[in-house]
Amino acid sequence: VLNDAVKIAKGEAYLVFDADARIKPDFIKKLLTKFEDEDIGAVQARKIIINANQNFLTACQYNEYVMDTHLQIGRDAVKGAVELRGNGELIKKKALEDIGGWNNETITDDLDMSTRLHIKGWDIRFVQDACVYEEGVITFSALIRQRRRWVEGSIRRYLEYIWDVLFTRDMSLRVGFDLIAYISEFLLPVWIIAEIIIQAFHFIKGHENYILSSMALLLATGLFFASGLIYSFRKYSHYTTIKAVYQAILTSIYFITIWFPIVMFIVCKIIFTKRTMDWGKTQHGVAAQSCVEMA
């Protein structure tokens, strides 16, 4: 659809929204603040869950997006591998033509485009002040479907472009290092869960084991994410310290119980099954605008 749309579009840049997007009147003006430099191929707005107060899952998704904002701002500050998020992304026509448009053979077009832009030497910037509001999914099954697609699309784009990432001459060293370091987001869950399973097996068999060390590693990982969440909540959501700590604990549990099993499942799927285009459409249209005030 996006590739069809650009055939009739007349502008020098393309602004992409999801169907549930809501913005304020000054959105485009703020988004353009980082768009003028020649080497910038795209910019991404900050995404905010509009129905955060609807239930536990939407609250965790809101917190998850706050953490993503923190990471994107950090990447932007060092001109690292800022990523597009699909909703609220502005792409230059010249950059889009340079990479051949959107990839019809991917289930996460935004992540795929981000990597291809970086490989071609285009910079992507993040605009914290330009906010796009979207609905968080409200059921567990819908959340799993959505996150499964995100994880699979993200891993597969690395498998598809790894040699380009390693050997392209157009991409800066810091962007390349950032992209490679980001793989740890998927390697860490596999490593920790595999280690716990192995040590638990040794424990059951009465063999020498390090099950306590493995559990301590899992706890340390949770505390690491929790500390980042606390900082993010205090800085970007202006939570009190007590509320930030409470939300960080809940969201860390959410990360471990949702992301770790999904990553393990997708890794096994990629290894043992054929590739499919199971897009898993996200459920929208279930949240009222009054869930969260935009003012």
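See the structure above.
These remarks concern the structure in this document. (Residues numbered from 1 in each chain as written. Predicted model: local features only at pLDDT ≥ 70, side-chain atom pairs only at ≥ 80, totals over all residues. Heavy atoms only, no water.)

Helix and strand counts for the chain come out as 10 helices and four strands. Counting from the amino terminus, the chain carries its helices and strands in the arrangement α-β-α-β-α-β-α-α-β-α-α-α-α-α. Radius of gyration (C-alpha) of the chain: 20 Å, near the 19 Å computed for a compact globule of 295 residues. Seen through its C-alpha atoms, the chain measures out along the principal axes to roughly 70 × 45 × 35 Å. A buried classification covers 49% of the 295 residues belonging to the chain. Counting only contacts in the chain whose residues sit at least 6 apart along the sequence, the fraction spanning at least 24 positions is 78%. Looking at the chain, you have 34 positive and 34 negative side-chain charges, and the mean spots of the two groups are 2 Å apart. (Helix = DSSP H or I, 4+ residues; strand = E, 2+ residues; numbered from the N terminus. Rg over C-alpha atoms; globule rule 2.2 N^0.38 Å. Buried < 20%, exposed > 50% of the residue type's maximum accessible area, 1.4 Å probe, protein only. Contact = heavy atoms within 4.5 Å. Lys, Arg positive; Asp, Glu negative; His and termini not counted. Charge placed at Lys NZ, Arg CZ, Asp CG, Glu CD.)

Take the side chain of Q247 next. Note on placement: Q247 falls in helix 10 (residues 241–272). Excluding residues that lie within four positions of it along the chain, Q247 makes contacts with N63, F233 and Y239.

Take the nonpolar core next. Within soluble globular proteins, side chains that are nonpolar generally end up buried alongside one another. Ranked by internal contacts, the top residues of the largest apolar core, which has 58 residues, are I91, M113, L117 and V151. Apart from residues no more than four positions distant in its own chain, M113 is found in contact with L84, I91, L96, I99, G101 and W102. (Core = buried A, V, L, I, M, F, W, Y, C linked by side-chain atoms within 4.5 Å.)

Moving on to the packing of aromatic side chains. Aromatic ring pairs are defined here through the distance separating the ring centres and the angle between the ring planes. For the structure shown, the criterion picks out five aromatic pairs. Ring geometry for F17 and F27: centres 5.7 Å apart, planes at 50°, overall tilted. Of this pair, F17 sits in the loop between strand 1 (13–16) and helix 2 (27–31) while F27 sits in helix 2, and the two are 10 residues apart along the sequence. With a relative accessible area of 32%, F17 lands in the partly exposed category. (Phe/Tyr/Trp six-rings, centres within 6.5 Å; stacked < 30°, edge-to-face > 60°.)

A separate point is helix 8 (residues 184–204). For helix 8, which comprises 21 residues, the first-to-last C-alpha distance of 30 Å matches the rise-based estimate of 30 Å (1.5 Å per residue) to within 8%. Within the span of helix 8, buried status applies to F186, P189, I192, I193, I196 and Q199. Residues of helix 8 that are buried in the fold lie against helix 6 (140–167), helix 7 (173–182), helix 9 (211–237) and helix 10. (Expected span 1.5 Å × (residues − 1).)

Evaluated as defined, the whole model comprises 15 salt bridges. Between E38 and K94 there is a salt bridge; the shortest N-O distance is 3.5 Å. One end of the pair, E38, is in the loop between helix 2 and strand 2 (40–49); the other, K94, is in helix 4 (residues 93–98), and 56 residues separate them in sequence. When its relative accessible area of 59% is taken as the criterion, E38 is described as exposed. Put simply, D68, R75, E83, R85, R157 and D178 are held in one network by salt bridges that share partners. (Salt bridge = Lys/Arg side-chain N within 4 Å of Asp/Glu carboxyl O.)

Strand pairing in a sheet takes place through backbone hydrogen bonds and is either antiparallel or parallel in direction. Strands sit in the order 1-3-2-4 across an open sheet of four strands; the sheet is mixed. Edge strands, defined here as strands with exactly one partner in the open sheet, are strand 1 and strand 4 (123–134). Each neighbouring strand pair of the sheet contributes to a mean axis angle of 20°, computed without reference to strand direction. Two elements, strand 1 and strand 3 (residues 89–92), share four bridges in a ladder whose sense is antiparallel. Bridge pairing in strand 3 places V16 opposite E89. Helix 3 (residues 56–77) rests against strand 2 and strand 4 of the sheet, and its axis sits at about 150° to strand 2. Relative to the sheet, helix 5 (residues 109–119) contacts strand 2, strand 3 and strand 4, its axis offset from that of strand 4 by approximately 160°. (Pairing = 2+ DSSP bridges. Axes fitted to C-alpha atoms, helices over the stretch in contact; angles between N-to-C directions.)

Once that is clear, we can look at the environment of C268. In this structure, C268 sits in helix 10. C268 sits 26 residues away from I242 along the chain, and the two C-alpha atoms are 39 Å apart.

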